[in-house]
Amino acid sequence: MNTKERILEISLQVFNTRGLRNTSTRHIATEIGISAGNLHYHFKHTEDIIQALFDRLIKESDVLMASLENYVEGVDMELVFTIFKDFYNLLTRYQFIFINFVEISLWIPSIRESYAAIVIKRKKETKRFFNLMVQKKVLRNDIPEEVWDYLINNIFIVVDFWPSHNLINEKLEGLQAYESYVSSIKALMYPYFTHPQ
């Protein structure tokens, strides 16, 4: 792992542990065991580190979305929630971004713009996957198009903002947190499955 990657990996741990407002490049440099000047050689400002971490998050989610192509033949209800489990792992790995997303997006306009573009892309990808599930008779075929659009929008709201809700209201950790997250999505999707379980 090169210095830049090490800085990002340690930064992610520090942001997740200390929180967004309590983390500076000085804290990160101390945790890594390098001088602030050495860190600033790679990342001039805290927001540069956050941008790089956000870019990594998007790349990792791109890999997950691309993996949906591998499930064309075997798509079923269980698979859907396996995929959401993979996204939950991303949520927990990059939790400080999700918990502080509104603040981060107001602070760093490039992240706000990137997020708006990625949501449009992800909604199209999700819609294609849902259409596949309709063809495979996993999802109902009598749902109006605009209802699918609203369902996908609601799923995005839950996926992206569940960590903030959990931190403020539920305060769940570990397996309980994961089960609550998946149950929230199941409740949204339940009426749309042909044979809900």
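You'll find the structure just up there.
Now for a quick tour of the structure.

### Quick word on the packing of helix α1 (residues 3-18) against helix α2 (residues 25-32)
In step 1: Where α1 contacts α2, the two axes come as close as 9 Å, and the packing angle between them is 115°. As for the relative orientation of α1 and α2, their crossing is right-handed in sense. Across the interface between the two elements, R6, I7, I10, S11, V14, F15 and R18 of α1 pack against H27, I28, E31 and I32 of α2.
In step 2: Per-class residue counts for the contact of α1 with α2 are six nonpolar, two polar and three charged.

### Looking at the layout of surface pockets
In step 1: There is about 440 Å³ of room inside the largest pocket.
In step 2: Along its surface, the largest pocket is lined by 24 residues, and Q95, I99, P163, N166 and L167 are the ones closest to its centre.
In step 3: At the level of elements, α1, α5 (77-93), α6 (95-99), α9 (145-170) and α10 (174-189) are the ones that each hand at least two residues to the lining of the largest pocket.
In step 4: Taken together, the residues of the lining of the largest pocket break down into eleven nonpolar, nine polar and four charged.

### A closer look at the packing of aromatic side chains
Here the distance between the centres and the angle between the planes together describe a pair of aromatic rings.
In step 1: By the definition in use, this model includes nine aromatic pairs.
In step 2: Between W162 and Y181, the ring centres sit 5.7 Å apart and the planes meet at 70°, which makes this aromatic pair edge-to-face. With W162 in helix α9 and Y181 in helix α10, the pair connects residues that are 19 residues apart, well separated along the chain.
In step 3: Residue classification places W162 among the buried residues on the basis of a relative accessible area of 7%.
In step 4: Through successive ring pairs, a cluster of aromatic residues spans Y88, W162, Y178 and Y181.
In step 5: Just above the ring of F43 sits the side chain of K4; from NZ or CZ to the centre is 5.4 Å.

Scoring rules and cut-offs
Residues numbered from 1 in each chain as written. Predicted model: local features only at pLDDT ≥ 70, side-chain atom pairs only at ≥ 80, totals over all residues. Heavy atoms only, no water. Axes fitted to C-alpha atoms, helices over the stretch in contact; angles between N-to-C directions. Helix = DSSP H or I, 4+ residues; strand = E, 2+ residues; numbered from the N terminus. Left-handed = near helix turned anticlockwise from the far one by under 90°. Contact = heavy atoms within 4.5 Å. Nonpolar A, V, L, I, M, F, W, Y, C, P; charged D, E, K, R; others polar. 1 Å grid on protein atoms, 1.4 Å probe; cavity = no way out; pocket = protein on both sides within 12 Å on 5 of 7 lines; lining within 4 Å. Points joined across faces, edges and corners; volume = space filled by probe spheres on them. Phe/Tyr/Trp six-rings, centres within 6.5 Å; stacked < 30°, edge-to-face > 60°. Buried < 20%, exposed > 50% of the residue type's maximum accessible area, 1.4 Å probe, protein only. Lys NZ or Arg CZ within 6 Å of the ring centre and 35° of its normal.

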